[in-house]
Amino acid sequence: SPQRAAADTGPDGGWGWVVLVATIMVLALTLGFPSCVGIFYTDLQNEFHATNSETSWVPSIMTSVLHAGGPFCSVLVEKVGCRATVMLGGVLSGVGMAASSFTRSISELYITAGVITGLGFCFSFQPAVTILGHYFVRRRPFANAMSSSGTALGICTLPFLGNYLHTEYGWRGSFLVLGAVLLNCCVCGAVMRPLPSTKHRGQPLMKRGPPPSDQENERTRKGGCGRVWSFVLASLRKHMAFDQLSNNPRYCVFAIGITWMMLGFVVPLVFLVPYATAHNMEQSQAAFLLSILGIVNIIVRPPFAIVFNMPWFKGRHIYVFAWALLVNGLSNSICCIGSSFPVLVTYVVIYGLSMSVVGSLMFTVLMDIVEMSRFPSALGLLAVMESVTLLIGPPLTGVLVDNTGEYSYVFIACSTIVASSALFLMASFFFLDKKERAASQQGKPCAQPDPPRPAAADASHGCIYSGVPTEGGKNKGSPNGAEYITNV
């Protein structure tokens with residue numbers, strides 16, 4: 001019947017549960033995948049006679065492109081929709097990993113595993129979370145909380161799979177099989193059919209903006225260069241919040257702190273397995289450390305997401321975030337105590353707990369400091385800034401290993417970088433809050449950004465990009481349409 005068909009395709013149920021499962025799988029295959037690259041780190045070094053710095057460019061390029069590809073993904077979703085973009089991402093990531101098994105130099109691996117696979121990951125996971133926003137409105141917080149478990153699921157299971165494939169087939173055979181596994185993103189994308197009633201649910205995913213004026217039309221008619229330049233400027237204004245960077249001190253401080261943090265935040269995941277195996281730990285045990293990290297994230301992320309939505313934490317998110325970041329940074333120094341399995345298990349548990357808090361609050365803090373109308377472009381600019389430090393972080397620490405011959409210096413450097421970024425955020429926001437209170441007492445209250453709107457109130461704005469889904473209220477839409485995603 002028509003009523004039954006509407007229930008099956010409408011939001012908050014029906015086919016939406018299938019889309020939710022598909023989104024969980026996409027996040028597991030994309031965001032969780034870089035964690036298993038460390039299993040093949042030593043093999044890549046020996047195969048291509050590469051230094052630590054040269055080898056670490058592979059996961060760093062992959063992660064950086066995954067973040068920096070947000071603007072390209074936005075344009076693609078606007079042109080062809082979420083479903084086709086997810087499937088294209090699955091093809092790119094699968095072909096990239098399969099082609100990596102035939103590479104003959106480390107530079108070829110940069111292109112196949114780094115650029116092609118990373119771009120495929122970007123094209124898959126962002127639209128997957130986006131279309132989930134179409135299907136769930138009232139239950140959007142629950143759907144986002146469930147979908148966020150996909151990342152932890154990938155971190156938990158892919159190292160096991162990678163270690164098994166490595167034992168049976170070597171790194172080349174493993175990359176070929178993993179490429180076939182990544183093609184399952186196409187299957188997940190195929191079930192993400194667009195809602196027939198999307199046109200009745202408010203504004204489209206991405207607004208094209210007001211029609212150009214006669215003066216703009218005349219200027220773009222002067223030649224192809226002028227048309228391209230106008231398009232570039234319009235895209236930058238739409239997707240990059242440079243105005244927030246120059247006029248909003250809280251956003252400026254947050255963006256600088258997060259960009260500096262990313263220089264060392266994910267590096268331990270790249271070097272943990274090589275560090276363990278260099279100290280005579282079995283490969284299977286070293287891979288199990290990453291799985292423990294994923295298990296910790298699976299268990300604690302959903303409760304943390306619920307707890308931090310309690311009224312008591314309102315206005316305190318940034319300080320809880322900074323304290324968790326400080327603990328995360330200091331936890332890296334545990335690796336300097338020893339390299340035995342119990343010591344490293346203690347490390348990954350503490351690292352995983354603090355990582356979960358950081359991930360749960362990152363976008364909540366961002367929503368607290370920028371207006372919702374500027375949130376998509378503010379997050380887009382932050383993602384591009386992050387991609388720079390994500391790109392150079394592992395190679396720089398690889399140079400450190402090459403010059404010292406010790407992996408322990410990597411964890412000392414990461415501890416210093418992440419802890420210093422936490423202290424910078426604490427001190428800066430404390431100063432800004434003190435300045436704001438002083439101005440308020442003098443009768444000159446500082447301008448505050450608009451508070452985030454409830455998810456239900458944003459339902460009319462169509463589907464959105466949100467961050468790794470449970471990480472702090474990212475289920476809220478905005479008038480500007482699609483939001484970028486970044487991964488912690």
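Model, not experiment: these values are computed from the prediction.

Cut-offs and rules
Residues numbered from 1 in each chain as written. Predicted model: local features only at pLDDT ≥ 70, side-chain atom pairs only at ≥ 80, totals over all residues. Heavy atoms only, no water. Helix = DSSP H or I, 4+ residues; strand = E, 2+ residues; numbered from the N terminus. Buried < 20%, exposed > 50% of the residue type's maximum accessible area, 1.4 Å probe, protein only. Contact = heavy atoms within 4.5 Å. Areas by Shrake-Rupley, 256 points an atom, 1.4 Å probe, with all protein chains shown as cover. Phe/Tyr/Trp six-rings, centres within 6.5 Å; stacked < 30°, edge-to-face > 60°. Axes fitted to C-alpha atoms, helices over the stretch in contact; angles between N-to-C directions. Parallel < 35°, antiparallel > 145°, perpendicular 65-115°, else oblique. Left-handed = near helix turned anticlockwise from the far one by under 90°. Nonpolar A, V, L, I, M, F, W, Y, C, P; charged D, E, K, R; others polar. Patch = residues over 30% accessible without salt bridge, like charges linked within 9 Å, V, L, I, M, F, W, Y side chains within 5 Å. Salt bridge = Lys/Arg side-chain N within 4 Å of Asp/Glu carboxyl O. Expected span 1.5 Å × (residues − 1).

(A) View of the overall build of the protein. Broken down by element type, the protein carries 19 helices and zero strands. Counting the 488 residues in the protein, one finds 56% classified as buried. For the protein, restricting intrachain contacts to residue pairs at least 6 apart in sequence, the fraction spanning at least 24 positions comes to 83%. As displayed, the protein has an accessible area near 19800 Å², and 67% of this comes from carbon and sulfur atoms.

(B) Structural context of unusual backbone geometry. Phi is positive for His49, close to 50 degrees, though the residue is something other than glycine. As for its position among the elements, His49 is in the loop between helix H3 (41-48) and helix H4 (52-68). For His49, a relative accessible area of 72% corresponds to the exposed category. Here the phi dihedral of Asn280 falls at roughly 70 degrees; this positive angle occurs in a residue that is not glycine.

(C) Spatial organisation of the packing of aromatic side chains. Scanning all chains against the criterion turns up 13 aromatic pairs. Relative to Phe175, the ring of Trp171 lies with its centre 5.3 Å away and its plane at 80 degrees, an arrangement referred to as edge-to-face. Within this pair, Trp171 and its partner Phe175 are both found in helix H8 (residues 140-182), separated by four residues, close to a single helical turn. Here Trp171 falls in the buried class, since its relative accessible area comes to 6%. On the basis of relative accessible area, Phe175 is assigned to the buried category, the value being 4%. Each member of the aromatic cluster is reached from another via a ring pair, and the members are Phe265, Tyr275, Tyr347, Tyr351 and Phe411.

(D) Spotlight on the packing of helix H5 (residues 70-80) against helix H7 (residues 106-135). Following both chains from N to C, one finds H5 and H7 inclined at 60 degrees, their axes separated by 10 Å at the closest point. On the basis of their axis angle, the class for H5 and H7 is oblique. In this structure, H5 meets H7 at a crossing whose hand is right-handed. Note on element contacts: H7 touches H5 through Cys122, Phe123, Gln126 and Pro127, opposite Gly70, Phe72, Cys73, Leu76 and Val77. Looking at side-chain class alone, the contact of H5 with H7 contains seven nonpolar, two polar and no charged residues.

(E) Spotlight on the environment of Ile298. Along the polypeptide, Ile298 turns up in helix H15 (residues 283-307). The partly exposed category is assigned to Ile298, whose relative accessible area is 30%. Along the backbone, Ile298 and Cys156 are 142 residues apart, and their C-alpha atoms lie at a distance of 8.5 Å. Ignoring sequence-local partners within four residues, the contact set of Ile298 consists of Ser149, Ala152, Leu153 and Cys156.

(F) Highlighting the environment of Ile334. Tracing the sequence through the fold places Ile334 in the loop between helix H16 (317-331) and helix H17 (341-369). As for Ile334 and Ser408, which are separated by 74 residues in sequence, their C-alpha atoms are 9.8 Å apart.

(G) A look at a nonpolar patch on the surface. A cluster of nonpolar residues, Val228, Trp229, Phe231, Val232, Leu233, Leu236 and Phe242, forms a patch on the protein surface that exposes about 660 Å² of accessible area. Among the elements that line the nonpolar patch, the one with the most residues is helix H11 (residues 224-239), at six residues. Tracing the backbone through its elements, the reader meets Val232 in helix H11. Among the residues examined, Val232 registers a relative accessible area of 32% and is labelled partly exposed.

(H) Highlighting helix H14 (residues 267-278). With 12 residues, H14 should reach 16 Å at 1.5 Å per residue; the first-to-last C-alpha distance of 17 Å fits that figure. Counted residue by residue, H14 has 10 buried out of 12 residues, so it is predominantly covered. When H14 is considered as a whole, its buried residues turn out to be Val267, Pro268, Leu269, Val270, Phe271, Leu272, Val273, Pro274, Tyr275 and Ala276. Phi turns positive one or two residues past the end of H14, at Asn280, with a value near 70 degrees.

(I) Highlighting the packing of helix H13 (residues 249-265) against helix H19 (residues 408-441). It is the contact of H13 with H19, at a shortest axis distance of 8 Å, that shows an interaxial angle of 170 degrees. By the angle between their directions, the pair H13 and H19 is classed as roughly antiparallel. Residues Pro249, Arg250, Val253, Phe254, Ile256, Gly257, Trp260, Met261, Leu263, Gly264 and Phe265 of H13 form the contact with H19, whose own contacting residues are Cys414, Ile417, Val418, Ser420, Ser421, Phe424, Leu425, Ser428, Phe429, Leu432, Asp433 and Glu436. Tallied by class, residues from the contact of H13 with H19 come to 15 nonpolar, five polar and three charged.

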